[in-house]
Amino acid sequence: MTPPGVLADPRVRLAAGTAALLVTAMAARGNRVGPGEAAAFRAINDLPGWLYPPAWAVMQLGALGAAPAAAGAAWLAGDRELAGRLLAGGTSAWALSKVAKRLVQRPRPAGLLPGTRRRGRDAVGLGYLSGHAGVAVVLGATALPRLGPGGRALTLAAVPVVGLTRIYVGAHLPLDVAGGAALGLIIDAAMALVSARTAGSAAQRSARWPYTQPTTRDSRYCRSTGACSC
């Protein structure tokens, strides 16, 4: 089975996301930045300044406002179930990223690496993990099954770039972005499992009770009119 086929199983996504979250969280503790992570950060953070306007535009796909915007688009398209999942997933990723920041307590790149280039408005608070990466991944993963080939290709290209833009502007280190992506994967998988279980329960109830029992009022009406056999 191909990797995309394996990841189609929400249980696999949940396990992979949980493992990645634990590994990155442990590596980010203690205010450490390994040489490999520092080199990856420098390679992206030192890119030319003229890239900032398009990078800023892509970065908004992981902002908190992206969740209600995506949910609104799904609602207008007539997919209310998807709209609810997008709103719940995006806001959950943003909220849980704040919890992870307090647990890991890793500073922003400027507090760990001298010479960090900061672009745009300075990010405040702690670094690990990236809420933008989490929101982008959960929104993209949730919407992906409902998109056509063109939409899927665009989503698969844009989601990773959101995380890279956060490194480019000096807001996050690579482990912060990886942890955020793992969180988004966990939330998407959890919602998919809950949705599948809810749908399965509804199907079982329908199989057990294929017909709606008439109410007392309906029964009286049937007997008095002879409109049905009660």
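Residue indices follow the written sequence of each chain, beginning from 1 at its first position. With pLDDT at 70 or above as the cut-off, local features in this predicted model cover only qualifying residues; side-chain atom pairs require 80 or more to be listed or tallied, and sums for whole chains, interfaces and linings still use all residues. Excluding hydrogens and water, the side-chain figures rest on all heavy atoms present in the structure.

> How would you explain the overall build of the protein chain if you had to name every residue and give the values?
Comment: elements are numbered from the N terminus, with helices defined as DSSP H or I runs of at least four residues and strands as E runs of at least two. Secondary structure summary: the protein chain contains 10 helices and zero strands in total. Mapped from its N terminus to its C terminus, the protein chain presents α and β elements in the order α-α-α-α-α-α-α-α-α-α. Within the protein chain, buried positions represent 36% of all 230 residues. Relative to all contacts within the protein chain whose residues are 6 or more apart in sequence, the contacts with residues 24 or more apart total 81%. When the accessible surface of the protein chain is summed, it comes to about 13000 Å², and 66% of that surface belongs to carbon and sulfur atoms. Note on exposure labels: buried denotes an accessible area under 20% of the residue type's maximum, exposed denotes more than 50%, and partly exposed covers the range between, all computed with a 1.4 Å probe on protein chains only. Note on definitions: a residue-residue contact is assigned when non-hydrogen atoms from the two residues lie within 4.5 Å. Accessible surface area values rest on a Shrake-Rupley calculation with a 1.4 Å probe, where residue burial reflects the displayed protein chains alone.

> I'd like a description of the packing of aromatic side chains, backed by residues and values.
To pair, rings of Phe, Tyr and Trp, with the six-membered ring standing in for Trp, must have centres within 6.5 Å; the planes then decide the type, stacked if under 30 degrees apart, edge-to-face if over 60, and tilted in the middle. Counted according to the given criterion, the structure contains zero aromatic pairs. Placement of a positive charge over a ring is assigned whenever Lys NZ or Arg CZ falls within 6 Å of the ring centre and within 35 degrees of the normal to the ring plane. The ring of Tyr 168 carries the charged tip of Arg 119 above its face, separated from the ring centre by 4.1 Å.

> Please provide a residue-by-residue account of the environment of Gly 111, values included.
Here Gly 111 is to be found in the loop between helix 6 (80–104) and helix 7 (131–143). The spatial distance from the C-alpha of Gly 111 to the C-alpha of Asn 31 is 9.2 Å, given a sequence separation of 80 residues.

> Break down the packing of helix 5 (residues 66–76) against helix 6 for me, with residues and values.
Taken N-terminus to C-terminus, the directions of helix 5 and helix 6 make an angle of 175 degrees; their axes are 8 Å apart at the nearest point. By the angle class used here, helix 5 and helix 6 are roughly antiparallel. Residues Ala 67, Pro 68, Ala 70, Ala 71, Ala 74 and Trp 75 of helix 5 form the contact with helix 6, whose participating residues are Arg 80, Leu 82, Ala 83, Leu 86, Leu 87, Gly 90 and Thr 91. Across the contact of helix 5 with helix 6, the residue classes break down as 10 nonpolar, two polar and one charged. Axes here refer to lines fitted to C-alpha atoms; in helices the fit is confined to the stretch in contact. Angles between the N-to-C directions go from 0 to 180 degrees. An angle below 35 degrees is treated as roughly parallel, one above 145 as roughly antiparallel, one from 65 to 115 as roughly perpendicular, and anything else as oblique. Polar here means any residue outside two lists: the nonpolar Ala, Val, Leu, Ile, Met, Phe, Trp, Tyr, Cys and Pro, and the charged Asp, Glu, Lys and Arg; Gly therefore counts as polar.

> Quick one: what's the story with the confidence of the model for the protein chain, residue by residue and with numbers?
Mean pLDDT over the protein chain stands at 88; residues scoring 70 or higher make up 83%. Every residue carries a pLDDT, the predictor's confidence in it, which falls somewhere between 0 and 100. Long-range and interchain partners of residues 212–230, a stretch whose pLDDT sits below 50, account for seven contacts in this model, where long-range means more than four residues apart.

> Explain the nonpolar core to me, using residue names and the numbers behind them.
The term nonpolar core refers to a set of buried residues drawn from Ala, Val, Leu, Ile, Met, Phe, Trp, Tyr and Cys, joined through side-chain atoms within 4.5 Å. Counting residues in each nonpolar core, the largest one holds 20 residues, and the members touching the most others are Leu 86, Tyr 128, Val 138, Leu 139 and Ile 187. Elements supplying a minimum of two residues to this core: helix 2 (10–28), helix 5, helix 6, helix 7 and helix 9 (174–208). Per-element tally for this core: the top contributor is helix 6, with six residues. Excluding residues within four positions of it along the chain, Tyr 128 makes contact with Leu 21, Thr 24, Ala 25, Ala 28, Ala 100, Lys 101, Val 104, Arg 106, Leu 175, Asp 176 and Gly 179. With 14 residues, the next largest nonpolar core counts Phe 41, Ile 44, Ala 55 and Met 59 among its residues.

> Run through the environment of Ala 74, naming residues and quoting values.
Structurally, Ala 74 is set in helix 5. Classification of Ala 74 as buried rests on a relative accessible area of 7%. Between the C-alpha atoms of Ala 74 and Leu 86, which are 12 residues apart in sequence, the distance is 8.4 Å. The contacts of Ala 74, once residues within four sequence positions are left out, are Asp 79, Leu 82, Ala 83 and Leu 86.

> Can you explain the pattern of salt bridges? Please cite residues and give values.
Whenever Lys or Arg places a side-chain nitrogen within 4 Å of a carboxyl oxygen from Asp or Glu, that contact is recorded as a salt bridge. Applying the stated criterion across every chain, the model contains nine salt bridges. With a shortest N-O distance of 3.0 Å, Arg 11 and Asp 9 are connected by a salt bridge. Measuring nitrogen to oxygen at the nearest pair gives 2.8 Å for the salt bridge that ties Glu 37 to Arg 106. Remark: Arg 106 occurs in the loop between helix 6 and helix 7 and Glu 37 occurs in helix 3 (residues 35–45); sequence separation between them is 69 residues. Assigned by exposure class, Glu 37 and Arg 106 land together as buried. Taken together, the shared-partner salt bridges in this structure form one network comprising Asp 79, Glu 81, Arg 85 and Arg 146.

> Describe in detail the side chain of Ser 130, supporting the description with residues and values.
The residue Ser 130 is located in the loop between helix 6 and helix 7 in this model. In this structure Ser 130 comes out as buried when scored by relative accessible area, which is 0%. With near-sequence residues (within four places) excluded, Ser 130 lies in contact with Arg 166, His 172, Asp 176, Val 177 and Gly 180.

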